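# Residue-level structure breakdown
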Amino acid sequence: MAESTSATPWVRIREAVDHVGATVEIRGWVTHRRSSGKVQFVMVRDGSGQIQCVAGKKDLSEAQWEASESLTQESAVIVRGTVKADTRQVGGVELGLSSLEVVSLAPDYPITPKEHGVDFLMDHRHLWLRSPRQQAILRMRAEIIATFRDFMHAEGFTLVDAPIFTPNACEGTTNLFETQYFEDKAYLSQSGQLYMEAAAMALGRVYCFGPAFRAEKSKTRRHLIEFWMMEPEWAWATLEDIIRLEERLLVATVGRVLDRCREDLKIVERDTTKLERVKGPFPRIHYNDAVRMLKEAGREFEWGGDFGAPDETELSNRYDTPIFVTHYPAAVKAFYMEPDPVDPRLSLSCDCLAPEGYGEIIGSGQRMSSLSMLEQRIDEHGLPQSAFEWYKDLRRYGSVPHSGFGIGVERTLCWIAGLDHVRESAAFARMLYRLAP
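Right, let's walk through the structure included here. Every chain begins its residue count from 1, and numbering advances along the sequence as written. Residues qualify for local features only when their pLDDT is at least 70, as the model is predicted, and side-chain atom pairs are given and counted only at 80 or more; totals for whole chains, interfaces and linings, by contrast, use all residues. Note: side-chain values were computed over all heavy atoms of the structure, leaving out hydrogens and water.

Glancing now at the pairing of strand 14 (residues 349-354). Any residue under 20% of the maximum accessible area for its type is buried, any over 50% is exposed, and the rest in between are partly exposed; the area is computed with a 1.4 Å probe on protein chains only. Helix and strand definitions follow DSSP, with helices as H or I runs of at least four residues and strands as E runs of at least two, each counted in order from the N terminus. For strand 14, the tally of buried residues reaches six of six residues, placing the bulk of the element in the interior. The side-chain alternation of strand 14 yields two buried faces, one formed by Ser349, Asp351 and Leu353 and the other by Cys350, Cys352 and Ala354. Should DSSP find at least two bridges between two strands, the strands are taken to pair. Across four bridges, strand 13 (residues 323-326) lies against strand 14 in antiparallel orientation. Within strand 14, the residue paired with threonine 326 across the bridge is cysteine 350. As defined by bridge partners, strand 14 adjoins strand 15 (residues 359-367) across six bridges and the pair is classed as antiparallel.

See below:
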């Protein structure tokens, strides 16, 4: 509990329920105000919650009463008073005011209770974040990230930071952001995976967590230009090992959000019964079977292609939990994927598709362990061998089977929170035509 400069303790609104009968200080912003003439009702938020503050004319000094009548939306205030139990109120309490201090009076606030268009709200994203829905989404994002980190630590994985500036491509050269690096060219990282493979040969089990950049000219509801990923790599692990790890991670993440973010899920109006069905083991579908299922559903799809969003939706909508689609054609996966020993046209790869049409949230696979095969694939993808000499060293010196995956924070959050568009899943989303604020 923080200390106030006055004798009254400063508490956050979510802590107020623990101080019923006590006098406390709350610092926050006004969401709205109404008056019956003799009584003022001021709703205050502070990022942890909202509380109704009530004051009669005799409860405040004349100057404070006049100040309370001039309060506008998003005016900053310091209020003091007695916490009173009231089950009708959000949080089960209200504050009987004895003091009100206006720190700053806000002019007309751009975002009003009326309906605003998406472009307007995104232009004012720095203010839109203050709405209860956006606050709830960001709190759930923070909980998801905390779960990722706690889970990986418990599984024995060491956090290793990957660089943002890289000299080579990981996911192909067509969607790289190029930048000048003194006299050289560099690229914003598409993925930390290659570096995690190096770290895994040193530490066994590692992961990185950070931003990734893809210069994809896509305007779908699933795509961001800048997004955050967690990427584990695991020495000696097979595709089967990594799939089971993903499954445990998703079950743990959904469970923790259900446990700790119930109020936030209510704010975004998420049907939690769908999340409560997320239990392992998840269904697995071989690529060949997935193609057959799509054709039987009337979709025009040729074997050998990658799945688009409608294809993923068709497959995932058949289940209540995430599903694993395995053994994609090598041609549609990155150059480093291990070939399927049963059918070399395929790779030891897997995508995890979230239900309800949210599509791929995890991409994973077993990495190629043969140096000669890796060099062949680099040539086939038209990549320069010289840029990957350090990466090939991992196959020269003690190469072992190893596997890993990348899970996107924003897509995972969209699924768990039931968001319609990925733009709400980041505090300041970067999209094809969105670079500000």
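Another point: the state of the cysteines. Count a disulfide wherever a pair of cysteine sulfur atoms falls within 2.5 Å. Applying the stated criterion across every chain yields a total of zero disulfides. Cysteine 352 supplies the cysteine sulfur nearest to cysteine 350, a cysteine that is in no disulfide, at a spacing of 6.8 Å. On the basis of relative accessible area, cysteine 350 is assigned to the buried category, the value being 0%.

As a further point, take unusual backbone geometry. For residues other than glycine, phi is negative in most cases, and the peptide bonds are mostly trans. Look at the link from glycine 280 to proline 281: it is a cis peptide, with omega at -5 degrees. With respect to the secondary-structure elements, proline 281 resides in the loop between helix 8 (272-276) and strand 12 (284-286). A cis amide bond, omega 0 degrees, links alanine 436 with the succeeding residue proline 437. Note on placement: proline 437 falls in the segment after helix 13 (409-417). The phi angle at glutamate 74 is positive, at roughly 75 degrees, despite the residue not being glycine. Relative to the helices and strands, glutamate 74 is located in the loop between helix 1 (62-69) and strand 4 (76-85). Although it is not a glycine, glutamate 269 adopts a positive phi angle of roughly 60 degrees. Along the chain, glutamate 269 turns up in the loop between helix 7 (262-267) and helix 8.

All of the buried residues in helix 5 (residues 193-203) are Gln193, Leu194, Met196, Glu197, Ala199 and Ala200. We call two residues in contact when some of their heavy atoms are within 4.5 Å. Along its buried surface, helix 5 packs onto strand 10 (205-213), strand 11 (226-235), strand 15, helix 12 (389-396) and strand 16 (402-408). Phi for glycine 204, located one or two positions after helix 5, is positive at around 90 degrees.

Here we take up a nonpolar patch on the surface. Patch rule: a residue counts if its relative accessible area is over 30% and it has no salt bridge; like charges are joined within 9 Å, and nonpolar side chains (Val, Leu, Ile, Met, Phe, Trp, Tyr) within 5 Å. Per-residue accessibility takes into account occlusion by the displayed protein chains alone, with areas from the Shrake-Rupley method and a 1.4 Å probe. Salt bridge criterion: a side-chain nitrogen from Lys or Arg within 4 Å of a carboxyl oxygen from Asp or Glu. Taken together, the side chains of Phe165, Tyr181 and Phe182 define a hydrophobic patch exposed on the protein surface, amounting to about 370 Å² of accessible area. Looking at the secondary structure, you find phenylalanine 165 in strand 7 (residues 165-166).

Within this model, the second largest pocket holds a volume of roughly 730 Å³. Lining the second largest pocket we find 22 residues, and of these Ser48, Gly49, Val90, Arg139 and Glu263 sit closest to its centre. Of all the elements in the fold, those that place two or more residues in the lining of the second largest pocket are strand 3 (50-56), helix 4 (132-154) and helix 7. Ranked by residues supplied to the lining of the second largest pocket, first place goes to helix 7 with five residues. Residues that form the lining of the second largest pocket fall into these classes: eight nonpolar, six polar and eight charged. Points on a 1 Å grid over protein atoms alone make up a cavity when a 1.4 Å probe fits among them but cannot get out, and a pocket when they form an open set with protein on both sides within 12 Å along at least five of seven lines; lining residues each have an atom within 4 Å of a point. Grid points are joined across faces, edges and corners, and a volume is the space filled by probe spheres set on the points. Put simply, Ala, Val, Leu, Ile, Met, Phe, Trp, Tyr, Cys and Pro go in the nonpolar bin, Asp, Glu, Lys and Arg in the charged bin, and everything else, Gly too, in the polar bin.

Once that is clear, we can look at the sheet that holds strand 14. Pairing is mixed in the open sheet, where eight strands are placed in the order 6-10-11-16-15-14-13-12. Each having just a single partner strand, strand 6 (158-159) and strand 12 make up the two edges of the open sheet. Of the strand pairs in this sheet, strand 6 and strand 10 are connected by two bridges, and their pairing is parallel. In the sheet register, threonine 158 faces strand 10, and the bridge partner there is valine 206. With respect to the sheet, helix 5 is in contact with strand 6, strand 10, strand 11, strand 15 and strand 16, its orientation differing from that of strand 11 by roughly 30 degrees. Here helix 6 (residues 239-260) sits on the sheet in contact with strand 11, strand 12, strand 13, strand 14, strand 15 and strand 16, set at roughly 30 degrees to strand 16. With axes taken as lines fitted to C-alpha atoms, and helix axes fitted only over the stretch in contact, angles between N-to-C directions fall between 0 and 180 degrees.

Looking now at the nonpolar core. Among the nonpolar cores identified, the biggest contains 60 residues, and Met140, Met230, Leu245, Leu250, Phe405, Ile407 and Trp415 are the most heavily contacted of them. Of the residues forming this core, the biggest block, nine residues, is contributed by helix 6. Contacts of leucine 245, omitting those with residues within four sequence positions, involve Phe151, Met152, Glu155, Phe157, Trp234 and Phe405. Nonpolar core, defined: a set of buried Ala, Val, Leu, Ile, Met, Phe, Trp, Tyr and Cys residues in which side-chain atoms within 4.5 Å join the residues together. Membership of the second largest hydrophobic core comes to 21 residues, among which are Val42, Val44, Cys53 and Trp65.

Pairing in this closed barrel of five strands is mixed, and the strands run 1-2-3-5-4 around the ring. Taken pair by pair, the neighbouring strands of this sheet meet at an average axis angle of 55 degrees, ignoring direction. Lying over the sheet, helix 1 contacts strand 1 (23-35), strand 2 (39-45), strand 3 and strand 5 (93-104), oriented at roughly 90 degrees with respect to strand 5.

Glancing now at the environment of aspartate 119. Along the chain, aspartate 119 falls in helix 2 (residues 118-123). Under the relative-accessibility criterion, aspartate 119 is labelled exposed at 56%. In this structure, the C-alpha to C-alpha distance between aspartate 119 and alanine 199, residues 80 residues apart in sequence, is 42 Å.

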